[in-house]
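# What the coordinates show
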Amino acid sequence: MVIVARGLTREYEGGVKALRSVDLEVPDGEFVAVTGPSGCGKSTLLNLLGGLDRPTAGEIELGGRRVDAFSEAKWAHVRRREIGFVFQFFNLIGNLSVADNVELPALLAGVSAKEARTRRAELLETLGIAEHADQSPTRLSGGQQQRVAIARALINRPRVLLADEPTGNLDSASARDVMRLLRTMHDERGQTIVLVTHDARVAARADRVVTMRDGRIADETRLDAGRGDIAATVSRLMQLGV
Amino acid sequence: MTRPQLRAAARVARADLAGRPVQTALTGLAIFVAATALVVTLALRNGLDDPFAAAHDATRGSHVALSTGALTPEQIERLTTHRDVVASDVRPEAFASAALTRNPVDIRVQGIPRPDAAVDVPRVTDGRRPTAPDEVLLERSFARELGIGIGQTLRLAARRGGTDTTLTVAGLAVTTQQAEYPRWNPGLAWAPDEAVTRLGSGTRVAVRLADPERTSAYIAAIEPALRGRGITDWHAVRDAVTDQARTSTIIIGVNTLLALLAVGFTVATVISGRVLAQRREIGLLKAIGLTPKGVIALLVAEYAALALAAGVLGLVAGTLIAPLLLEPMASLLATPTPSAFRPAALLAALALIVAAVAVFAALPASRAGRLNTVDALALGRATLPPGASRAAKLAAALRLPATARLGVKDAFTSRSRALLTVGALTMMVITLVAALSMEATYNRVIEDPALRAKPWDVRVEPGTRGEAEALRTVRSQPGVEHATTIRGLAVTTTRGEAQARALGDGFERFRYAVPDGRMFARPGEAVAGRGFFERLGAEIGDTIQLRAGDQRFAVTLVGRHVEPDNDGEIVIFPAATIATTGEPDLIAQLAPGADPEQVARALTARGLEAELTSAEVRQERADIRPVVYGSSALLVAVALVNLLTTLLLVTRERARDFGILKAIGLTPRGVLAVVACGGAALGLIAIVAGIPAGVVLFRALMTGMSPSEGADIVGTPGPFALALIIPFVLAVSALAGSLPARGAARASAAAVLRAE
C-alpha cells in the first residue's frame, strides 16, 4: 500500500468535525477519486494525506512508514520527493515563468539545474505546453495553467499525485483534456493518483470512487473500466448519489 | 458625506484597522518612531540655530564687563550711565584658589545676581540657586572638568586681604560671561555677596549696550586707569565659544538633516505600502457604492487618525528622549540645555507628521481609487503582476539557490514599495557613513592640527617671563623639536578690519594646510583663509596693502590656508614682515615619539601654561559622539521599523505563494530563508547605493554648511570601516525579517490555500 489512513479525524476550533474516523487504503498505482457534496470533508482528507494539515486523531502511513506525527519540516521533505499536489486554482506563482514554476520543486529537492531543465522540458513537451515555457503563467488559459501545475506536481516523480478539484475551475473541454492527461499518466507511468472532485464525470475516470458524506466514507465503488463506456459509468455513479 | 455615510465609513475604517492588528500596530509604531525622531531632530536643530546668540539672550549676557578692585560710586556712575549703556549690573568679585587638584585651582567668585537682574544672570542647569550665605553656584564646565558635584564643599583660600571661606555647592549653571573651562581660565562661581566680600574686595561692572557692536567705543571711553586686562568684550567670548563648537555644529547639523529625510522616507514607505496592499478592500468599497473620492477620503481619514494617536505618543517619547541628546549638545556648545518641550514646535511636528501621512495615503489611494473595480478585486485576490519577475531572472542568472531567487522575487514584487524601502535603508546606510565620516574627519583633524590652522602640538603662554626666556625654556624642554612665537594682531585692509597672525623665526617648520598655492617662505609673503580672499576679492599672487597700528606694509598672497576661525578672514605672515609689538604666545612641535601629555606637564611645572592642540579636538569628539551616535541609533530604528513593515506586507501579500511553496516541499526554514534573502537583497542595494552616496553627501553638506573649511577638513572613512556597514545592514535586515518570516513559516498552507 502506498497510503494507509486509519481512524483519521479532523476537528476544527469550535468543535466542527470535518473528518470523522476515516479509514482509507490506496495501493501502488491506483487511481482513486474521492467525491461527495461540498463540506463533506474530501479536501480535508487530501490535505491530511499530503501533510498540509494535521489530524486531530488517527494514523497515516506513506509507503509503509508512519508520517502523521512528522514535523512540518519533515513533511516538507516528504512532499518534495513523494507527493505532488494539483489544486483547483492552479496556485502557480504569477511572477515566475512557466519554466521556473515547474523546475522549482526539483531545485528545492536538490536536483541539479541541468537535470531540472531536462525534466521540465520533457514534461512540458508531454503535456503540450512546451512553447509557453518562458511565459508568465498569468498569460495562459485555465487549461494550460492546470497543465503547468500538473507538470510541477510530477517533476520530482512522486509516488502519489494528490489533486484537489483539478477541473473545478476549467471549462468542460479543458476539464476533459486535463482528465485525459491524468489518466494517461496513470496508465502509462503507473502514477498513483488520489483525486478529489464533486463531478461524477471526472470521478468516472478513476479505478475506484470513494464517496464521502458528513466527514465519513459513505460508499466505495470499484470501476472496472472508466476508459470504456464513460456515460454508463457516470450514470452508475449518479445512481450511487455521487 | 451624510451622517449615515460617515458612520458607515467610520465603521469600515475601524474594522480595517482592527482587522489587522499586527499591521496596524506596526504602522502606528513607524509613525511613533518617526514622530519621536522628528521631535528630537527639531529640538537639536533649534539648539544649533546660533547657539551663542540664544544663550546670550537667555542669560541677558553683557557686552562689556570690567573686573577691577574697589570702585568709587562716581566711577560706577560713569561706567553705568554712559550714553550707549541700556542696562548694567554691579556685583562684588573676588579671586580665590581651591586645592582641588595637585596644583591649586584659581576661581573667580562673584556675587550672585537676582534672577531678574538686567545683566549676566547665570542659568541654573543642575541643583538650585544658593539660598544660604555659605552656598555657592558653580559654572558647569568648571565643575565638570574638576569633577565637583552638588553637595560638595569647597575650601577657598582668599588672596591678599581676604578671609578663607568654605562653601557648599548648591547647583551648577551656564553663562555667556566666559567660554568653557579650562579654555577660559579661571573657573567661575557665584555666591551670596557676604561670602564674596569675605574673600576679597573687587568689583565687577557689566553693561549691555544699545548697539552691541559699539564695544570699542565704550571701552575707549573708560577712564585710562581702569583699562587693563580686566575688560571682557562679548566678541571674545563669542569667538571662543563659536570656535570651540564650529565643527560640532556642522556635524550635528548634517546628521539632523539626514534624520529629517529619513522620517519623510519612513512615512512614505509605510503608509503608501500599506495602502497599496489594500487594493482589494478598495475594490470592495467601490463595489458597495463608495465613490473614488470617498475611498480616498476614507483612507486618508483612517491613517490620519492613526497618525494622530501614534504621533501624540511619539511627541511624548521625543520630549522625553531629546534631553538625553540635548544635554551633551548644550555642554558641547557651552549653552543652556534647550527645552524639547516647546508647544508650538511640538504642534508643528504633529501637524507635519499627520500631513505627511495624509499625503502618502492619498497618493496610492487615488491610484487605487481609479482602478476598475473588477481589476481591483482581482488584483487584491491574486496580486499577480503581468510578467515574470525580472529580479527572479537576474537571481537565476547569478545562479543563486532557489530560496534566494524566491526571496529576491518577492522583495521586488511591488516595485514602488521596494524602491521606498531601499530608499529608507539607503538613508540608514548614509547615516552610518556620515557617522564614520565624522570619526574620520576628527581623526584627520587630530592627526593633522594644521587642518585647524594650528600646525603645532602645544601652545604655551609665556606668563610673566619675557618672550626670549620663555622661548629658551620651551626649546630646552626634552621632547620639543621646534619652537617659535605667534602673535595675533588686528590689521586694517582696504575693506575693513581683519585678523592677522605673525609667526616668528623658524616658521618654515610650522606648515599650515595650504590646499591652494603654497606656504609663505619669506617675509613679505602671506597665506590667508578663504574668507579673507573673498572679502578682499583677492586672488593668489595679489599683493595687498595692510596696516597694523601705525605701520603700513604690503604682503603678497601666495596661498590659501585652511582656516576655521573667524569665517576664514585671517591672514598669516612671517613676523619679520613688520616690526611686531606685544606679547606673543609660543608654539612648539614635538619630536616623534615624545609624549605630549608629559611635555605639557613638564612645561606647566616650569611655570608656563601649556595647552595641547589635540586635547581640545579629542574632547570635542568625545562630547559630540553621544549626539551623533544617538541620532544615528534613532535612524537605524526608523529603518528597522520601515523594513519590518515592508517585509510584513510582502509576506502577507505572498501568503498564498508561501502556501504553494510549502505544498511543493519548502520547509519552514526554507520560508525563513526566502524572507531573509528578500530583506538582504534590499539591504545590499542600499549598501551599494548608500556608501558612495553617504561619502558624497557628507562631503557636500560639510562644504555647504561651512564653505570656509568644510571641504578641506572632511575625512573619508577607510575601506575597512565602510566594509563593517555590510554585516551591520545585513544583520538589521535579518532582524527585521525574522518576525514576518516566522509568521509565514507558521501559517498553515491548507488554511491559506483554502481561503482561495
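Residues numbered from 1 in each chain as written. Chains lettered and ligands numbered in written order. Predicted model: local features only at pLDDT ≥ 70, side-chain atom pairs only at ≥ 80, totals over all residues. Heavy atoms only, no water.

## Concerning the overall build of chain A
Note the threshold: Elements are defined by DSSP. Helices are runs of H or I of four residues or more, strands are runs of E of two residues or more, and each kind is numbered from the N terminus. Using a 1.4 Å probe on the protein chains alone, a residue whose accessible area is under 20% of its type maximum counts as buried, one over 50% counts as exposed, and one in between counts as partly exposed. Working rule for contacts: check all heavy atoms of both residues, and any pair within 4.5 Å makes them a contact. Areas reported as accessible are Shrake-Rupley estimates using a 1.4 Å probe. Residue values count occlusion only from the protein chains shown.
Tallying secondary structure elements over chain A gives 8 helices and 10 strands in all. Scored against the burial criterion, the 242 residues of chain A give a buried share of 59%. Considering only residue pairs separated by 6 or more positions, chain A has 69% of its internal contacts joining residues 24 or more positions apart. For chain A, the exposed surface amounts to about 9,700 Å²; the carbon and sulfur share of it is 44%.

## Quick look at the sheet that holds strand 5 (residues 65–66) of chain A
Our working rule: Should DSSP find at least two bridges between two strands, the strands are taken to pair.
A sheet is described by the order of its strands in space; here 4 strands give the open sequence 2-1-4-5 (chain A), paired in antiparallel fashion. Either end of the sheet is taken by a strand with one partner, and the two such strands are strand 2 (17–26) and strand 5 of chain A.

## Comments concerning the environment of Glu103 of chain A
Relative to the helices and strands, Glu103 of chain A resides in helix 3 (residues 98–108). The contacts of Glu103 of chain A, once residues within four sequence positions are left out, are Ala116, Arg117, Arg120 and Ile155 of chain A.

## Comments concerning the interface of chain B and chain A
Accessible area lost during the coming together of the parts is what is often quoted as the interface size. What counts here: Buried area is understood as the total, over both parts, of accessible area removed when two parts are fitted together, assessed with a 1.4 Å probe. The term salt bridge refers to a side-chain nitrogen of Lys or Arg lying within 4 Å of a carboxyl oxygen of Asp or Glu. Identification of polar contacts relies on pairs of N or O atoms within 3.5 Å, with a donor-acceptor requirement for protein atoms, meaning one able to donate a hydrogen and the other able to accept it, and with residues adjacent in sequence counted only if both atoms are side-chain atoms. Only Asp, Glu, Lys and Arg are considered charged in this grouping, and only Ala, Val, Leu, Ile, Met, Phe, Trp, Tyr, Cys and Pro are considered nonpolar; every other residue, Gly among them, is considered polar.
With 33 residues of chain B at the contact, the number on the chain A side is 29 residues. Between chain B and chain A lies a buried interface of about 2,600 Å² when both sides are counted; carbon and sulfur atoms form 62% of it. One salt bridge connects Glu72 of chain A with Lys662 of chain B, and the closest N-O pair in it is separated by 3.1 Å. Along the contact surface separating chain B from chain A lie 3 residue pairs in polar contact (both at pLDDT 80 or more). The element best represented in the side of chain B that touches chain A is helix 20 (residues 655–663) of chain B, accounting for 6 residues. Among the residues forming the side of chain B that touches chain A, the class breakdown is 18 nonpolar, 7 polar and 8 charged.

## Details of helix 13 (residues 390–397) of chain B
All names here are of chain B. As a reminder, the rule being used: Here, the arc refers to the directions that run from the helix axis to the C-beta atoms.
Along helix 13, the residues classified as buried are Ala391, Ala392 and Ala395. Down the axis of helix 13, the smallest arc covering the buried residues is 100 degrees, so these residues share one side. Opposite the packed face of helix 13, turned more than 90 degrees from it, sit the exposed residues Arg390, Leu394 and Ala397. Looking at the buried positions of helix 13, the neighbouring elements they touch are helix 14 (402–411). At the exit of helix 13 stands Arg399, carrying a positive phi of roughly 60 degrees.

## Notes on the pairing of strand 2 (residues 85–98) of chain B
All names here are of chain B. Burial runs high along strand 2: 10 of the 14 residues are buried. In terms of strand pairing, strand 2 meets strand 3 (residues 105–111) through 6 bridges, oriented antiparallel. Residue pairing for strand 3: Phe95 is matched across the bridge by Arg108. Two elements, strand 2 and strand 6 (residues 153–158), share 3 bridges in a ladder whose sense is antiparallel. Residue pairing across strands places Ala98 opposite Leu156, the latter belonging to strand 6.

## Comments concerning the packing of aromatic side chains
All names here are of chain A. The line we're drawing: Here the aromatic set is Phe, Tyr and Trp, taking the six-membered ring for Trp, and pairing holds for ring centres within 6.5 Å; pairs whose planes are under 30 degrees apart are stacked, those over 60 apart are edge-to-face, and all others are tilted.
For the structure shown, the criterion picks out 5 aromatic pairs over all chains. Where Phe70 meets Trp75, the ring centres are 6.4 Å apart and the plane angle is 65 degrees; that geometry is what we call edge-to-face. On the accessibility criterion, Phe70 (15% relative accessible area) is buried. Measuring from centroid to centroid gives 5.4 Å for Phe85 and Phe87, while their planes differ by 5 degrees, and the two rings are stacked. In terms of burial, Phe85 and Phe87 fall into one category: buried.

## Some thoughts on the confidence of the model for chain B
Residue and element names in this part refer to chain B. How we decide: Each residue carries a pLDDT score, the predictor's confidence in it, ranging from 0 to 100.
When the pLDDT values of chain B are averaged, the result is 80; 86% of them are 70 or greater. Ranking the helices and strands of chain B by mean pLDDT puts strand 15 (residues 525–528) first, with 94, and helix 12 (residues 373–382) last, with 52. The low-confidence segment residues 379–384, where pLDDT is below 50, has 12 contacts with residues more than four positions distant or belonging to other chains. Complex prediction metrics read pTM 0.64 and ipTM 0.77.

## Re the nonpolar core
Selection criterion: In this text, buried Ala, Val, Leu, Ile, Met, Phe, Trp, Tyr and Cys residues form a nonpolar core when linked through side-chain atoms within 4.5 Å.
Leu45, Leu49, Leu104 and Leu195 of chain A are the most contacted members of the largest nonpolar core, which has 98 residues in total. Looking at which element gives the most residues to this core, the answer is helix 3 of chain A, with 7 residues. Filtering out sequence-adjacent residues up to four positions away, Leu45 of chain A remains in contact with Leu8, Leu19, Val22, Leu24, Val34 and Met212 of chain A. Grouped together as the second largest cluster of nonpolar side chains are 28 residues, Leu38, Tyr303, Ala349 and Ala361 of chain B included.

## A few points about unusual backbone geometry
All names here are of chain A. Although it is not a glycine, Phe90 sits at a positive phi angle of roughly 65 degrees. Relative to the helices and strands, Phe90 resides in the loop between strand 6 (83–86) and helix 3. On the basis of relative accessibility, which here comes to 7%, the residue Phe90 falls in the buried class.

## Focus on the packing of helix 3 of chain A against helix 4 (residues 113–127) of chain A
Residue and element names in this part refer to chain A. Rules: The angle between two axes is taken between their N-to-C directions and runs from 0 to 180 degrees, where each axis is a line fitted to C-alpha atoms and a helix contributes only its stretch in contact. Between 65 and 115 degrees an angle is taken as roughly perpendicular, under 35 as roughly parallel, over 145 as roughly antiparallel, and anywhere else as oblique. Left-handed describes a crossing in which the near helix is turned anticlockwise from the far one by less than a right angle; the clockwise case is right-handed.
Packing of helix 3 against helix 4 leaves a shortest axis separation of 9 Å and a crossing angle of 125 degrees. Taken together, helix 3 and helix 4 sit at an angle that is classed as oblique. For the pair helix 3 and helix 4, the crossing hand works out as right-handed. In this structure, helix 3 contributes Val98, Ala99, Val102, Glu103, Ala106 and Leu107 to the contact, and helix 4 contributes Ala113, Ala116, Arg117, Arg120 and Leu124.

## Description of the pairing of strand 6 of chain B
Taken residue by residue, a regular strand's side chains alternate between the two faces of the sheet. Residue and element names in this part refer to chain B. With burial as the criterion, only one face of strand 6 is covered, namely that bearing Leu154, Leu156 and Ala158; the residues Thr153, Arg155 and Ala157 on the opposite face remain uncovered. When strand 6 meets strand 7 (residues 165–174), the two strands line up antiparallel, connected through 4 bridges. The partner of Thr153 across the bridge, within strand 7, is Thr168. In this antiparallel pair of consecutive strands, strand 6 and strand 7, the connection spans 6 residues, and Gly161 shows a positive phi of 90 degrees.

## Structural notes on the pattern of salt bridges
A side chain of one charge can pair with a side chain of the opposite charge when the charged atoms of the two come close. Tallied over the entire structure, the rule returns 33 salt bridges over all chains. Linking Asp199 of chain A and Arg201 of chain A is a salt bridge whose minimum nitrogen-to-oxygen distance equals 3.5 Å. When its relative accessible area of 23% is taken as the criterion, Asp199 of chain A is described as partly exposed. On the basis of relative accessibility, which here comes to 58%, the residue Arg201 of chain A falls in the exposed class. A salt bridge links Asp585 of chain B to Arg459 of chain B, with the shortest nitrogen-to-oxygen separation between them at 2.9 Å. Taken as a pair, Asp585 of chain B in strand 19 (residues 585–590) and Arg459 of chain B in strand 11 (residues 458–461) lie far apart in primary sequence, 126 residues in all. Several salt bridges share partner residues, and in doing so they unite Arg6, Glu59, Glu61, Arg66 and Asp68 of chain A into one network.

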